[in-house]
There are 2 protein chains.
Amino acid sequence: MALWPTTMRELLLIGIGTGNPDHVTGEAIKALQSADLVLIPRKGPNKDDLADLRRSICDVVLTDPVPQIVEFDLPKRRAEGDYIDAVEDWHDAIARAWTQAAGTEAARVALLIWGDPSLYDSSLRIAERLSPTPKVRVIPGITSVQALTAAHAIPVNTLAAPFTVTTGRRLRADGWPEGAETVVVMLDAGGAYEVLNGADYDIWWGAYLGMDNQILEAGPLDEAGPRISAVRKTAREAHGWIMDCYLIRPRNPAP
Amino acid sequence: MALWPTTMRELLLIGIGTGNPDHVTGEAIKALQSADLVLIPRKGPNKDDLADLRRSICDVVLTDPVPQIVEFDLPKRRAEGDYIDAVEDWHDAIARAWTQAAGTEAARVALLIWGDPSLYDSSLRIAERLSPTPKVRVIPGITSVQALTAAHAIPVNTLAAPFTVTTGRRLRADGWPEGAETVVVMLDAGGAYEVLNGADYDIWWGAYLGMDNQILEAGPLDEAGPRISAVRKTAREAHGWIMDCYLIRPRNPAP
């Protein structure tokens, strides 16, 4: 882990929900407004919808005096080699990009975080690479899991029962988590549910959740799984990118 | 499961976060404003802080014309007998209380749901008892889990790893979920972490999260657990009620 010198004394990690400006909370608006500088990552030509959404949220919610808004190119994670090592190096590179983009004037810097800064987001770990460590303030935001269950009007848990949230990578590697009654899968590069026996599960899936182009599918996994894989492929080609997540439960849970 | 006749055609389950009006999203405000009638449960003399908070959120966010606001006494769940049976009967009683309080005029009825309507909340299951079934619309809200991780500025997951959300009842009954890397515990009537070997875990705890009287504690479970139990007892006696949740991780997770 490399350390990058910074003049920022306070870092605001502001959850903004899933791209619907109506997801933004009053707390997030106040925090954003209080910043000296807002950092907006550019993820490359196929993902600039996301930079556009962050800019449009700033346009909608900010009032004068508007903080300085600075865009920067998000470094890319290398695809080869050990996954965790590649992530650690990537976080080093992002920390450097933050400090370069923030410059030497801004004391209170804000980042607009997709969903919630505490859920499968690396900003808290990247912030540990800044020196001296700024005070970090986290403002929670609506996650894609919440947008998924809201859109399907389902509870995330069965009655008084636990649930597990995992990644596509881990579902594919480990299969159904031992004893789990509900599993929510995030960050799936596509089709990790194929490792499950489709006749045994039901799935509720959503992509572009909370956005105008939201897509929903649900049903028995053996029927809905192949349909989701096809819909996902088409949508990804049409938009150039996709963000999706899903919830799976055993079809006939053990009593 | 009993069915209760109703004239409501649409039921809005609106997540409001954990009592901080700044948690409320733009989507929640618009949904609330669009209702004909807002139902506010009274939970009895020791929990009327919560009815007060719902009323104060209505006062802060609603503009003219303000929907009709109707309070009703929330039925109590019986403490004896089988837990799941008691919950089913309780949900029947709440469905009846909703229909009685909503009357026969309102077509679009709103309920302000603590946290998020999809997370350990029974409103979706209670709504199934209305006849004919109204269209249910869910508006997500910030949960106490998100308020907890934001207040401690920690991620809910370790790097690219799964986490499990469970109840105090289940942690006490089943112990540490097999293979779990992080466990979040909700709805604990108190001290379910006592079933764990305190030397093996770290805990991050919070009560009245997001509210003015928020309390946070964290540390090695063997040191922090007894401290939390004492703080919780004192705070519960002082306020007449408590809502809290916590996150636990193995202190030296297996590599």
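See the structure above.
So, a few notes on the structure that sits alongside this text. (Residues numbered from 1 in each chain as written. Chains lettered and ligands numbered in written order. Predicted model: local features only at pLDDT ≥ 70, side-chain atom pairs only at ≥ 80, totals over all residues. Heavy atoms only, no water.)

Some thoughts on the pattern of salt bridges
Logical step 1: What the rule picks out here adds up to 32 salt bridges over all chains.
Logical step 2: Between E71 of chain B and R42 of chain B there is a salt bridge, with the nearest N and O atoms lying 3.1 Å from each other. Of this pair, E71 of chain B sits in strand β4 (residues 68–73) while R42 of chain B sits in strand β3 (residues 37–42); the two residues are 29 residues apart in sequence, bridging distant segments of the chain.
Logical step 3: Judged by its relative accessible area of 26%, E71 of chain B is partly exposed.
Logical step 4: Across the pair R42 of chain B and D73 of chain B runs a salt bridge whose closest N-O atoms are separated by 3.0 Å. Linking R42 of chain B in strand β3 with D73 of chain B in strand β4, this pair joins segments that are 31 residues apart in sequence.
Logical step 5: Counted as one network, the salt bridges with shared partners bring together R42, D52, R55, E71 and D73 of chain A. (Salt bridge = Lys/Arg side-chain N within 4 Å of Asp/Glu carboxyl O. Helix = DSSP H or I, 4+ residues; strand = E, 2+ residues; numbered from the N terminus. Buried < 20%, exposed > 50% of the residue type's maximum accessible area, 1.4 Å probe, protein only.)

Regarding the interface of chain B and chain A
Logical step 1: Contact residues are listed per partner, giving 45 residues for chain B and 45 residues for chain A.
Logical step 2: Across the interface of chain B and chain A, roughly 3800 Å² is buried in total on both sides, 57% from carbon and sulfur atoms.
Logical step 3: Connecting chain B to chain A are 4 salt bridges.
Logical step 4: Taken together, the links from chain B to chain A amount to 30 residue pairs in polar contact (both at pLDDT 80 or more).
Logical step 5: Within the residue set of the side of chain B that touches chain A, elements represented by two or more residues are α1 (26–34), α3 (83–102), α4 (123–127), β7 (135–139), α5 (144–152) and β8 (163–167) of chain B.
Logical step 6: Each residue belonging to the side of chain B that touches chain A can be placed in one class, and the counts come to 22 nonpolar, 14 polar and 9 charged. (Contact = heavy atoms within 4.5 Å. Buried area = accessible area lost by both parts, 1.4 Å probe. Polar contact = N/O pair within 3.5 Å; in protein donor to acceptor, adjacent residues only side chain to side chain. Nonpolar A, V, L, I, M, F, W, Y, C, P; charged D, E, K, R; others polar.)

All quantities given are derived from atomic positions and should not be read as evidence of function.
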